[in-house]
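Descriptive analysis of the structure
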Amino acid sequence: MLVLVVVLTLSFDFTNGFTDLPQAIATVVSTRILRFPVAVLMAGMLIFAGAYSSTAVARTVAGRLVRTGSVTQDVLVAALAGALVWGLITWRLALPSSSSHALIGGLCGASIARGGWSAVVWERLSTDVMIPMVASPLIGLGIAFLVMTAVMMLLAHAGRRVWDPAFRYSQIFSAGSVAFAHGAGSGQKGMGILTMALLIRGAAPGGDVPIWAIAVCTLVMMAGGAMGSMRIIATLGSKIVRLNAVQGFAAQACCASVVYLASQLGMPVSTTQVLSGTVMGVGAAQRMGAVRWEIVQKMLGAWIVTIPAAGLVAAGAHLFSAARGLSLGRRPPGQTDYGNFCAIGHRRDYRNL
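Residues numbered from 1 in each chain as written. Predicted model: local features only at pLDDT ≥ 70, side-chain atom pairs only at ≥ 80, totals over all residues. Heavy atoms only, no water.

**Quick word on the overall build of the chain**
We count it as follows: Numbered from the N terminus, helices here are DSSP runs of H or I no shorter than four residues, and strands are runs of E no shorter than two. Buried, partly exposed and exposed residues are distinguished by accessible area as a fraction of the type maximum, computed with a 1.4 Å probe on protein chains only: under 20%, between the cut-offs, and over 50%, respectively. Note on definitions: a residue-residue contact is assigned when non-hydrogen atoms from the two residues lie within 4.5 Å. Calculation of accessible area relied on Shrake-Rupley with a 1.4 Å probe; when residues are assessed, cover is drawn exclusively from the protein chains displayed.
Per the secondary structure count, the chain includes 15 helices and 0 strands. Here the chain, with 353 residues, has 56% of them falling under the buried criterion. Taking the contacts inside the chain whose residues are at least 6 apart along the sequence as the reference set, 87% of them involve residues at least 24 apart. Carbon and sulfur atoms make up 67% of the accessible area of the chain, which amounts to about 14,600 Å² in all.

**Topic: the environment of T306**
Mapped onto the elements, T306 comes out in helix α14 (residues 293-323). For the pair T306 and G105, spaced 201 residues apart in sequence, the C-alpha to C-alpha distance is 7.3 Å.

**A word on helix α7 (residues 122-154)**
Just so we agree on the cut-off: To estimate how far a helix should reach, multiply one less than its number of residues by 1.5 Å. One fitted axis covers the seven residues ending at a residue, a second covers the seven starting there, and the bend at that residue is the angle between these axes.
For α7, spanning 33 residues, the distance from its first C-alpha to its last is 46 Å, which sits close to the expected 48 Å at 1.5 Å a residue. Its axis deflected by about 45° at P132, α7 carries its strongest bend there. Listed as buried for α7 are L125, D128, V129, P132, M133, S136, P137, G140, A144, M148 and V151.

**Quick look at the environment of V66**
Topologically, V66 is positioned in the loop between α4 (56-63) and α5 (73-92). On the basis of relative accessible area, V66 is assigned to the buried category, the value being 3%. In sequence terms V66 and V121 are 55 residues apart; their C-alpha atoms lie 5.3 Å from each other. Setting aside residues no more than four positions away along its own chain, V66 makes contact with V71, L107, S111, A119, V120 and V121.

**Here's the deal with the environment of R124**
For R124, the position within the fold is in helix α7. Judged by its relative accessible area of 36%, R124 falls in the partly exposed class. Sequence-wise, R124 and T60 are 64 residues apart; in three dimensions their C-alpha atoms are separated by 8.8 Å.

**Looking at the confidence of the model for the chain**
Put simply, the rule reads: A residue's pLDDT is the confidence the predictor assigns to it, expressed on a 0 to 100 scale.
Confidence in the prediction for the chain averages 76 pLDDT; 76% of positions are at 70 or higher. Taken element by element, the predicted model of the chain shows its lowest mean pLDDT in helix α15 (residues 338-344) (43) and its highest in α7 (88). Long-range and interchain partners of residues 327-353, a stretch whose pLDDT sits below 50, account for 57 contacts in this model, where long-range means more than four residues apart.

Put into structure tokens, the structure is as follows:
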């Protein structure tokens, strides 16, 4: 069962490359600042670095949204199944969606299937996930609109030959900031799931995420992004709004600020959704007609149904495994779950629980 969780976790990170990696490199690739392979390599390295900066989001997902004792190996398998299926569906439709919210929906759905509606901490789900999910793209849109309006006023009398080269190089920095912020927040999903599985099995004597897990998950995510992310880059970088260098810089700088602040507060916001909001904000600052609102409507529909859709798939997977006698809800004596681990303390030795 542990091997199955590891395989599904790496498969989940591979699909994350389809949906999550474009959020860091969409504008820098669509504006032709960097070539696609170079942008993928840069984003992967900074996601790897950002994974060390904070564990607040990982502890929110693992220890605050479901009741202690609800997380077992079969729940993890079902949660990953729900997130994987939804991620592949949205990738096939070329819609920027949140793998973080898909995993949260899968975790909640599998926990409900195992322990009933009381297994989910609904207050935490509302304050830490649902409200930030709605507010973060709107905040990003508003900040990007104000920043882009101010930049346009400052550059109103300057020729494009003056400011375009500077913003082209500055956009590389802003793209790197988005990648680092993503690694500090929602980029830790697969690493956290892998650590949960090892703790449940008793194979992880310490509380920190193993460095090999961070390295493997990052490499798998880079591989997935290199193979499939150009579809979503086209949606973010040109189908919503056709971006120039100034707009790309403003969109990514505002996105990185919102995502990093939310990660420090332990809120698992979607980098894809925030970046989509900032892209809309810079486009609307130019003119409202620059935003292709029909694409925005499709994206909003995907965002709204992500958590319940992934939850339904995960609940179905858990119920199917239970009906087929595959559930591993009973653990050997002396073993515990990741919910207890997070509740007692992130740094405490597992053997002392």
